[in-house]
Amino acid sequence: MTNAVRPPLRPEPSFAELFTPKLVTVLREGYGWASLRADVIAGITVAMVALPLSMAIAKASGTTPDRGLYTAIVGGFLISALGGSRFQIGGPAGAFIVLVASVIERHGIDGLLLATLMAGVFLLAIGFLRLGTYIKYIPHPVTVGFTSGIAVIIFASQITDLLGLTLPGREPAAFLPKLAAIRDALPTVTPAAVAVAAASVALILVLRRLRPHWPGFLIAIVAAAAMSAALASMGWPVATIGSKFGGIPSTLPAPALPAISLARMADLLPDALAIALLGGIESLLSAVVADGMSGRRHRSNCELVAQGFANIGSAIFGGICATGTIARTATNVRAGGRSPIAGIVHSATLLALMLVAAPLASYIPLAALAAVLAIVSWNMAERAEFAAILRRSRADSAVLLATFLLVVFRDLTEGIAVGVVMGSILFMHRMAQLVEVQTHTPIIQTDVADTEGAARVPYEGPPGADEVTVYTLTGPFFFGAAAEVAAVLDRIGQTPKLFVLDMSGVPFVDSTAAQSLAGFVRKANRNGTRIVLSGASAGVRRVLHQHEIHEPDVVFTPDVAAAMATAA
């Protein structure tokens, strides 16, 4: 038996390698006029998409449209300037609508600003502690479940404006009360609002098919404003940003901290953690999408640090939660963006539009913004992948449906937490099944590529080796498999003079498994059996030593051949 040669370990990356913004990297590599021209064009293109989206997302979140612009300008600038991705475009995201609306309903806008500020601090800590690597381990069914659930809630939140309904009070944030309020308000449907919404959806879909590179959302918003003005002149008024919110300011507000107290921070802690978790997931998913489209690689922990600064900055300037956005980032890549300069240009363009054209925003009909978000929610719902998971696996389907239903009917944070726990239990169960135990035979692993699970042939030693027992353990030796493996070791029907446990195929051992193995070693030593552990890696040996499994109680050898030399 031969041990595979392990490649040398890569040196631990330095702090500078992990946290240098991609903007600095790009400038060091050399940045020319051709790249600047490409980034300016891409940045302006993305700004045309971000302008209506930012206002629509803020409105759907239960706040004023201008706060969405503040988020895209301030948060988007910081994400591009400090982030670990060349292409990330930051701003308000549809995934936050449910969470932001819930926080505003319970704690008001000041509570949201403080929760966003706290989430920024948490993201800084997650990034600097290098925990961003672990966010990617959230199970895929959980991601699909909460994304689809959010899409359903976003669409439900836009029905009121799509139909021009008049509610007697504030629209409930919870899903079922929201539907009940919409049902009761159906007699107040405004035909003019329905016409504007339908025309906006139709124009967006037509442009997407015939002119996919045009800013369809912005064109639809402008056309809807003209249509709304025409309908109003004929006596069919449609609600607009001006009639609902009084317009949009033409300057950024002065920076200011929200009211801070320990009691208020304690109340907002669960919401801040949820914002940080969701923001980290969304931003890293967006960065991964950009990597796949461009062939580049992002720095995950640096990206989370940038998200932290972006949320702190957004809260100080009166914005809402900021994160990397998949749709706008993908638009940036497709438009030819080459560096974070494109994201900075996107923010500068939005600022210029707000300074110059803010009065015109008053004429934008709410039905058109609702149409934009209806399209966004349809695109967010991963319908094909949702159906594919339901067909592939009953266990994954349970995780998916639990996450989806809890997000829609209960709470976003609760849905993610339950989904992650269920996914983790499912993963541990599957890992434990990789170890197959058979009495009086070697402990074998069912090879992932060999579904027949053919057993290894026991070691055939020299004459007289009947007093030597050789067992082979392969696969991850962790708490999920520890009880089963320990039961087999305890059922050994003889007391050999030498027991060899081949661990060359064990990638890691956790504390529970090491403790069970230590108990077996103590029992074997009391019975006069000498224990040899062969082929254990340095990491495995380190864990075993921590649990008092060391010489002279056991002997470590590099392979089984050396262990059999001990038998001789």
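Residues numbered from 1 in each chain as written. Predicted model: local features only at pLDDT ≥ 70, side-chain atom pairs only at ≥ 80, totals over all residues. Heavy atoms only, no water.

Visitor: Give a detailed account of the pairing of strand β7 (residues 530-534), specifying residues and quantitative values.
Guide: Within β7, 4 of the 5 residues are buried, leaving the element largely enclosed by the surrounding structure. Direction of pairing for strand β6 (residues 498-505) relative to β7: parallel, over a ladder of 5 bridges. Pairing of phenylalanine 499 across the sheet is with isoleucine 531, part of β7. Viewed along the sheet, the connection from β6 through helix α21 (residues 511-526) into β7 turns out right-handed. Regarding topology, helix α22 (residues 538-546) serves as the crossover connection from β7 to the parallel strand β8 (residues 554-557), and that connection is right-handed. (Buried < 20%, exposed > 50% of the residue type's maximum accessible area, 1.4 Å probe, protein only. Helix = DSSP H or I, 4+ residues; strand = E, 2+ residues; numbered from the N terminus. Pairing = 2+ DSSP bridges. Right-handed = clockwise from strand over helix to strand, strands pointing away.)

Visitor: Summarise the sheet that holds strand β5 (residues 468-474); cite the residues concerned and give the values.
Guide: The parallel open sheet is built from 4 strands, whose spatial order is β5-β6-β7-β8. Looking at the sheet topology across the chains shown, the edges are occupied by β5 and β8. On average, adjacent strands in this sheet sit at an angle of 20 degrees to one another, irrespective of strand direction. For β7 and β8, the ladder comprises 4 bridges, and the chain directions are parallel. For isoleucine 531, the partnering residue across the bridge sits in β8 and is valine 554. (Axes fitted to C-alpha atoms, helices over the stretch in contact; angles between N-to-C directions.)

Visitor: Tell me what's going on with the side chain of serine 314, and back it up with residues and numbers.
Guide: As for its position among the elements, serine 314 is in helix α13 (residues 300-316). Beyond its immediate stretch of four places on either side in the chain, serine 314 contacts Thr71, Val74, Gly319 and Ile320. (Contact = heavy atoms within 4.5 Å.)

Visitor: Give a detailed account of the packing of helix α9 (residues 191-210) against helix α10 (residues 216-233), specifying residues and quantitative values.
Guide: Closest axis-to-axis distance for the α9/α10 pair is 9 Å, and the angle between their directions is 150 degrees. By the angle between their axes, α9 is roughly antiparallel relative to α10. Crossing hand, α9 versus α10: right-handed. On α10, the residues that touch Ala192, Ala195, Val196, Ala199, Ser200, Leu203, Ile204, Leu207 and Arg208 of α9 are Gly216, Phe217, Ile219, Ala220, Ala223, Ala224, Met227 and Leu231. Here the contact of α9 with α10 is built from residues that sort into 14 nonpolar, 2 polar and 1 charged. (Parallel < 35°, antiparallel > 145°, perpendicular 65-115°, else oblique. Left-handed = near helix turned anticlockwise from the far one by under 90°. Nonpolar A, V, L, I, M, F, W, Y, C, P; charged D, E, K, R; others polar.)

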